[in-house]
Amino acid sequence: QVKLVESGGGLVQPGGSRRLSCAASGFTFSRSVMKWYRQAPGKERELVAGISISGSGTNYVDSVKGRFTISRDNAKNSVFLQMNSLKPEDTAVYYCNTQLFPRYWGQGTQVTVSS
């Protein structure tokens, strides 16, 4: 069974940093493109970042370029999102997702950027 467990969220001040983690199981992680999405209150879920199978290729939504970094550890079946220079508009629930089974979602992890 596909399982995605996000962690690392919390309350952070504007300009601060946070590192999110996603532990994956139930599928061949090393063969899956992985993505991070976020959903802010009253808004649709949006794609934030994606990473290739090897980790050598990444892409980001324009609003986080230069501030967020996606990475992965295939030995640990995990994907990460390092978030720097956080802004209040980054406040959202963050989810990871596997391209192999896109219908499966974890519970997400809440990130709140506020002073």
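Anything mentioned here points back to the structure above.
Residues numbered from 1 in each chain as written. Predicted model: local features only at pLDDT ≥ 70, side-chain atom pairs only at ≥ 80, totals over all residues. Heavy atoms only, no water.

## Let's talk about the state of the cysteines
So, step 1. Tallied over the full model, the rule gives 1 disulfide.
So, step 2. Disulfide pairing is shown between cysteine 22 and cysteine 96; the S-S distance is 1.9 Å. Taking the sign of the S-S torsion, about 45° here, the bridge from cysteine 22 to cysteine 96 comes out right-handed. Here cysteine 22 is found in strand 3 (residues 18–25), whereas its partner cysteine 96 is found in strand 9 (residues 92–98), with 74 residues between them in sequence.
So, step 3. Judged by relative accessible area, which is 1%, cysteine 22 ranks as buried.
So, step 4. Assessed through its relative accessible area of 0%, cysteine 96 is described here as buried. (Disulfide = S-S within 2.5 Å. Helix = DSSP H or I, 4+ residues; strand = E, 2+ residues; numbered from the N terminus. Buried < 20%, exposed > 50% of the residue type's maximum accessible area, 1.4 Å probe, protein only.)

## What about the packing of aromatic side chains?
Note on aromatic pairs: each is described by the distance of the centres and the angle between the planes.
So, step 1. One pass over the full model with this rule turns up 5 aromatic pairs.
So, step 2. Relative to phenylalanine 29, the ring of phenylalanine 27 lies with its centre 6.3 Å away and its plane at 45°, an arrangement referred to as tilted. Like phenylalanine 29, phenylalanine 27 is buried.
So, step 3. Through a chain of ring-to-ring contacts, three or more aromatic side chains come together here, namely Phe27, Phe29, Phe101 and Tyr104.
So, step 4. It is arginine 19 that lies over the ring of phenylalanine 80; its NZ or CZ is 4.3 Å from the centre.
So, step 5. Seen from the ring of tyrosine 95, arginine 45 lies directly overhead, with NZ or CZ sitting 4.0 Å from the centre. (Phe/Tyr/Trp six-rings, centres within 6.5 Å; stacked < 30°, edge-to-face > 60°. Lys NZ or Arg CZ within 6 Å of the ring centre and 35° of its normal.)

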